[in-house]
Amino acid sequence: MMKTTIIERDGEMVALLEGRLDTSAAVQVEQDMQPLYSTTCPVIVLDCTQLEYISSSGLRLFLALLKASKPKGIRVVISGLSDGLSKVFAMTGFTSLFEFK
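Because the structure is predicted, anything quoted here is derived from the model rather than measured.

Colleague: Any chance you could break down the sheet that holds strand 4 (residues 75-79) for me, citing the residues and the numbers?
Modeller: Taken together, the 5 strands give an open sheet; going across it, the order is 1-2-3-4-5, and neighbouring strands pair in mixed fashion. Strands at the two margins of the open sheet, each flanked by one partner only, are strand 1 (2-9) and strand 5 (99-100). Strand contacts of helix 3 (residues 56-69): strand 2 (12-21), strand 3 (43-54) and strand 4, with the helix running at about 175° to strand 3, the strand carrying the most contacts.

Colleague: Summarise the pairing of strand 4; cite the residues concerned and give the values.
Modeller: Burial within strand 4 is extensive, with 4 of its 5 residues counted as buried. Direction of pairing for strand 3 relative to strand 4: parallel, over a ladder of 5 bridges. Bridging from a neighbouring strand, I44 pairs with V76 of strand 4. Assessed by its sense of winding, the connection that carries the chain from strand 3 through helix 3 to strand 4 is right-handed. The sheet contact formed by strand 4 and strand 5 spans 2 bridges and is parallel. Across the sheet, residue I78 finds its bridge partner in strand 5, namely F100. Read as a crossover between parallel neighbours, the route from strand 4 over helix 4 (residues 83-91) to strand 5 is right-handed.

What counts, and at which threshold
The residue count restarts for each chain, going from 1 along the sequence in the order it is written. Local features in a predicted model are, by the rule used here, given only for residues with pLDDT of at least 70; side-chain atom pairs are given and counted only at 80 or more, and totals for whole chains, interfaces and linings are based on all residues. Computation of side-chain values covers all heavy atoms of the structure but excludes hydrogens and water. When DSSP finds at least two bridges between two strands, those strands are taken to pair. A helix here means a DSSP run of H or I that spans at least four residues, while a strand means a run of E at least two residues long, and both kinds are numbered starting from the N terminus. By definition in these notes, contact holds between two residues if any of their heavy atoms fall within 4.5 Å. Inter-axis angles, ranging from 0 to 180 degrees, are taken between N-to-C directions of lines fitted to C-alpha atoms, where helices are fitted over the stretch in contact. Each residue gets one of three labels from its accessible area relative to the maximum for its type: buried under 20%, exposed over 50%, partly exposed in between, using a 1.4 Å probe on protein chains only. A crossover counts as right-handed when, viewed with the strands pointing away from the observer, the path leading from the first strand over the helix to the second turns clockwise.

So, in structure tokens, the structure goes:
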């Protein structure tokens, strides 16, 4: 089960991602993330503190958001990655694309 909650906090748009972002969940998560594409906030935070798993489909969602945000000068920051998820990001080369906190 995957849950995505979008909130505005301290002038940032924050997506709280909870559960397993696998291929079957990616379609719903993509719809849930739509407000992030129209935000004018200077920073989008993808909070992965409660994220247990991410598939290649999930990584594609993160990348699509980054590609849409960069031309508008919006930073996409990923926070709260577990050790396991950090390894996935390192193996895929995503650590050089994103900011992490």
